[in-house]
Structures are given as structure tokens and as C-alpha cells.
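Summary of the model geometry
Take a look at the letters that make up each chain.
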Amino acid sequence: MSLKREGYKTRLVDKKLREYLKLFGAVSVEGPKWCGKTWTSLNHANSITYIMDPAGDYNNKTRAELNPSLVLEGKTPHVIDEWQEVPGIWDAVRFNVDQNPGFGKYILTGSVTPPRESYKHSGAGRIAIVRMRPMTLYESGDSDAAVSLISLFSGKKINPFTADIDLVHLIDITIRGGWPQTLNLPLEKAGSVSVEYINALLKNDLFNDNFSKRNSSKLHVLLRSLARNNATTVSDATLTRDIAGNDTMLSRNSIADYTADLKRIFVIEEIPGWMPGIRSKTRIRMSGKLIFADPSLAIAALGIGRQRLLEDLNTYGFMFENLCLRDLYAYAELHGASLYHYRDNSNLEVDAIVEMKDGAWGAFEIKLGENQVEGAAQTLLRLKKKIVSDGAREPSCLVVMTGGGLGWKREDGVYVIPVNALKP
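This section reports on the structure supplied with the text. (Residues numbered from 1 in each chain as written. Predicted model: local features only at pLDDT ≥ 70, side-chain atom pairs only at ≥ 80, totals over all residues. Heavy atoms only, no water.)

1. Description of the nonpolar core
Judged by nonpolar contacts, the single largest core of 94 residues is most densely connected at Leu262 and Phe364. A total of 11 residues in this core trace back to one element, the largest contributor, which is helix H15 (residues 313-334). Residues contacting leucine 262, with those up to four places away along its chain left out, are Leu201, Leu219, Leu222, Leu223, Leu226, Val267 and Ile268. Formed by 19 residues, the second largest nonpolar core is a distinct cluster that contains Tyr340, Trp361, Ala377 and Leu380. (Core = buried A, V, L, I, M, F, W, Y, C linked by side-chain atoms within 4.5 Å. Buried < 20%, exposed > 50% of the residue type's maximum accessible area, 1.4 Å probe, protein only. Helix = DSSP H or I, 4+ residues; strand = E, 2+ residues; numbered from the N terminus. Contact = heavy atoms within 4.5 Å.)

This is how it looks when you write it as C-alpha cells:
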């Protein structure tokens, strides 16, 4: 018997969580607030302890601080929600698994990565980690799931199809984001959830006691700069220049500290640069590309809405890229693959590289409009030629992701796939 909640929508991580509960003593589900970690964990659990339950003046948290083993009691799998509020819980779970071997005993959920020094043991071999993100278009039902990522890697021939989506609707679901609680809200109101997320962040409500108190004005300025530079290889130096001239100034060191904190609470993440192969002679620029956990957060940080994005499709293009990368991350991870981006010393740049565990790779260019497909396809073909001539293996697929319209495989082998037609 599970504690599955009524109305629960199946998530991509359900499969991995089921698998890991058969392989490890405990599983930690981590990701941003409100992305659905608790409900997903309950779908696999028989009991739960809410560390931040306010009952009895936060009695569960007090008990855990006195003796973390006190919150381990319950029918297994037992969920410990927001364990990071008392980092000692991690060590207590690891010790319990050591002393009482077995599989699928605990599920930890956390929306913050505590400092490594706040707990003693890594948990390697005892506690597996599952990363959870906001809902993809496939999970939210906004993709018709005509083509799977894994089928593209097999070189499957696809018959031309159409996955139409109105631009206004595409912008609306980007503003809404992948937050489960927004799915039943009218689209014109759903963006308020991300606005409140940013407000909670600025009030420091999403930081716990392991963080230094952050200046709200400085954090707001930085968030706006990160949103303006969304889905780019922006450096701390660039952010410093972008912020310069504001009444609220941030040094490069402060920007690095604030950015690290935003990563620890899963608000932003970095897509690393891709190294094509050990034999490749290509000089790679390894700077990471920063994206928001969900494009709706970047839009909320800028304080803009549908009309502004319709009037400035260049800005929306970066938000659309964030949307596609969010989904690619989740789809790739379901198959044990990794997500990268590519840029070399000749400034040849490709938005995303998906690399499977066996080294098979595919390259993805993200373009909002169908009129940009030809240029994107030529970029992908240039990459293929360069990488292969440098001694690396050929790509399994080259894909242009678009904002709706025609899906097909071109004569040159490049797939054109609307984001609202993709599934894992």
C-alpha cells in the first residue's frame, strides 16, 4: 500500500525511484521547491515524517535535532520530507542502513543541498540520489508524444507530421512553467506561482539555516541579470558588467557566492561544456551554460508577461531554449544520459549535446521559428564534419527542436522535431 495522493500525475522519475528502491537502502529525491518531490515519494511510500510540520511547535524538527534516529521510525519505505533542515538525518539514515541491511527502507526529499561539512558521510553505496525537475511538456500533457528521444538515437525514419501550437499558447505554458500545482489553474493566472516563488526567494524563505542571510536587493538585481543572460555561457565578469550602474552593486566574489547558493537550492543549474572524445584535436571552450530550473522563474524575475514576450521574441527565444533544455535534461536522465552544450575556439556553438552512457551522442539546435531551421541544420552538419574529421565517433542524431509545426527527417539526415511532439 502506498500513500499515493488523489490526482497524482505520473512523473518520469517514478521509474528510476522504483528501480533504486530495489537496489539501495535509501534514495534521496532532490530538486527545486514545488516540483513535486513529496507527492512522487509518497507514491512509493508506506509512511512519512514531515520535518517541517508545525505541529507541537515543530516537534518533528526538534526531535530530529536531539536525536535524528527518532524520525526514522515508520513502515518502510519511510519518507523523511525536507531532511536537509536537520543534516544529521543523512548520517542517521546511512548508519541505519549499514546496521540493518535491506533495500528500499528510506526516501529522503530535499530542496537544498546542505554544505558537505554539515554531515559526516557521503552515503555512497547506501543512499542513491535521484534528481527531479519541474514537469516536462510530456508530463504535463502539453506534448503529443509523437517522437521519442531514444528513437532519434536509433536513426528511426519518421513520417512527416504536424504538431501545431499557437505561439500565444506556447508563451503561456512557458510562463506557467512545469509546477504541478499550476496545471489546473487558468493559464492567465498560472504565472503567479513563479512570481511567488521569486518573492519567497527574495524574502530568503527558500534558504535554510545553512546559508548566510542574503541581501534581497542584491539578489533581485542578480536574478534579473541571470534572466537577461538566460541559456548563455555568461561569466561572473559579464554579470558584474551587466549589473554595473545599478544602485545596488555586487562584486565578482559576491556574484560567485550568490550564484553558488542559487545552485544549491536548485533555482539555476549549469550545463557543462562537451568534450567530444579523447582523440579529438578540437580546442573546446568548457564554460558552462546557465539556465533556470524552469523558464517561468526567469520570466518572473524579469517581471514580464505574455504581451512583452510577444513584442520581444528575441527575449522569448532564450526562454524557449530554457524550456527545451529543461525537457531534454529530464528525458536524457531517464535513459542514464548526460546533457552538455558545445562551443569551440572557432565559435562554432551548438545548444545541446545528449551523450549516452555508451558514448553515443546527438546534437540539438533550438530554434523557435521554422524559418530558422535551415541555418540550424547547417550548424549541426558543420559540427558533425568537424568532430568526425578530428577523430571522434559520428553522431547518432542531429536534431533541430522547434516551437511547433512540421516534424520530419530531412534528406541530409537532420531531424526537425517540435518540442511539443517529444517524449523520452
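Next comes the rest of the account.
2. Considering the side chain of histidine 78
With respect to the element layout, histidine 78 can be found in strand S3 (residues 78-81). Judged by its relative accessible area of 1%, histidine 78 is buried. Within the structure, the side chain of histidine 78 is placed 3.0 Å from the side chain of threonine 49, a separation counted as a polar contact. (Polar contact = N/O pair within 3.5 Å; in protein donor to acceptor, adjacent residues only side chain to side chain.)

3. Digging into the environment of glutamate 30
Residue position: glutamate 30 is located in strand S1 (residues 26-30). For glutamate 30 and isoleucine 129, which are 99 residues apart along the polypeptide, the C-alpha to C-alpha distance reads 7.3 Å. Sequence-distant contacts of glutamate 30, defined by excluding residues within four places in its chain, comprise Lys37, Gly110, Ile129, Val130, Arg131, Met132 and Phe266.

4. Structural notes on the sheet that holds strand S5 (residues 127-131)
Reading across from one edge, S2-S3-S4-S1-S5 is the order of the five strands in this open sheet, with parallel pairing throughout. The two strands at the open ends of the sheet, each matched to only one other strand, are strand S2 (47-50) and S5. Adjacent strand axes in the sheet meet at a mean angle of 20°, parallel and antiparallel pairs treated alike. Bridge analysis of S1 against S5 gives five bridges, and the strand direction is parallel. Of the residues in S5, the one forming a bridge with alanine 26 is isoleucine 127. Most of the contacts of helix H1 (residues 13-21) go to S5, to which it runs at about 175°, and overall it touches S1, strand S4 (106-110) and S5. Of the strands in this sheet, S1, S3, S4 and S5 touch helix H4 (residues 88-99), which is tilted by about 165° from S4. (Pairing = 2+ DSSP bridges. Axes fitted to C-alpha atoms, helices over the stretch in contact; angles between N-to-C directions.)

5. Observations regarding the layout of surface pockets
The volume enclosed by the largest pocket comes to roughly 580 Å³. Contributing to the lining of the largest pocket are 21 residues, with Trp34, Gly36, Trp39, Pro180 and Gln181 lying nearest its centre. It is helix H2 (residues 37-42) that provides the largest number of residues to the lining of the largest pocket, a total of four residues. A class-by-class count of the residues in the lining of the largest pocket yields seven nonpolar, seven polar and seven charged. Estimated volume of the second largest pocket: approximately 430 Å³. As for the second largest pocket, its lining consists of 24 residues, of which Gly317, Ile366, Lys367, Leu368 and Gln372 are closest to the centre. Broken down by secondary-structure element, the contributors of at least two residues to the lining of the second largest pocket are helix H7 (167-176), H15, strand S11 (349-355) and strand S12 (361-367). By residue class, the composition of the lining of the second largest pocket is nine nonpolar, eight polar and seven charged. (1 Å grid on protein atoms, 1.4 Å probe; cavity = no way out; pocket = protein on both sides within 12 Å on 5 of 7 lines; lining within 4 Å. Points joined across faces, edges and corners; volume = space filled by probe spheres on them. Nonpolar A, V, L, I, M, F, W, Y, C, P; charged D, E, K, R; others polar.)

6. A word on the sheet that holds strand S15 (residues 415-418)
Taken together, seven strands build an open sheet; the order of strands is S7-S14-S15-S13-S12-S11-S10 and the sheet is mixed. Sheet topology places strand S7 (161-163) and strand S10 (338-343) at the edges, where each strand pairs with a single neighbour. The average angle at which neighbouring strand axes cross in this sheet is 35°, direction not considered. The pairing of S11 with S12 spans four bridges and is antiparallel. Its bridge partner lying in S12, alanine 352 is registered against phenylalanine 364.

7. Side note on empty space enclosed by the protein
Throughout the structure, instances matching the rule amount to one cavity of 30 Å³ or more. Of the pockets and cavities examined, the largest cavity occupies roughly 30 Å³. Residues belonging to the lining of the largest cavity are distributed by class as follows: six nonpolar, two polar and no charged.

8. As for the pairing of strand S14 (residues 405-409)
Here three bridges tie S7 to S14, and the two strands are oriented antiparallel to one another. Each residue of the ladder has a partner; that of alanine 163, found in S14, is glycine 405. Judged from the two bridges that link them, S14 and S15 form a sheet pairing that is antiparallel. Bridge pairing in S15 places tryptophan 408 opposite valine 416. What sits between the antiparallel neighbours S14 and S15 is a turn of five residues, in which glycine 413 has the positive phi angle 90°.

9. A word on the side chain of aspartate 142
Here aspartate 142 lies in the loop between helix H5 (137-140) and strand S6 (147-148). What aspartate 142 contacts, discounting residues up to four positions off in sequence, is Leu137, His169, Ile173, Arg176 and Asn420.

10. A closer look at the packing of helix H13 (residues 295-302) against H15
Helix-helix packing is characterised by the crossing angle of the two axes and by the distance between the axes. In contact at an axis separation of 8 Å, H13 and H15 are set at 150° when each is read in the N-to-C sense. Accordingly, the angle class assigned to the pair H13 and H15 is roughly antiparallel. Where H13 approaches H15, its residues Pro295, Ala298, Ile299 and Leu302 are matched on the opposing element by Met319, Asn322, Leu323 and Arg326. Grouping the constituent residues of the contact of H13 with H15 by class yields six nonpolar, one polar and one charged. (Parallel < 35°, antiparallel > 145°, perpendicular 65-115°, else oblique.)

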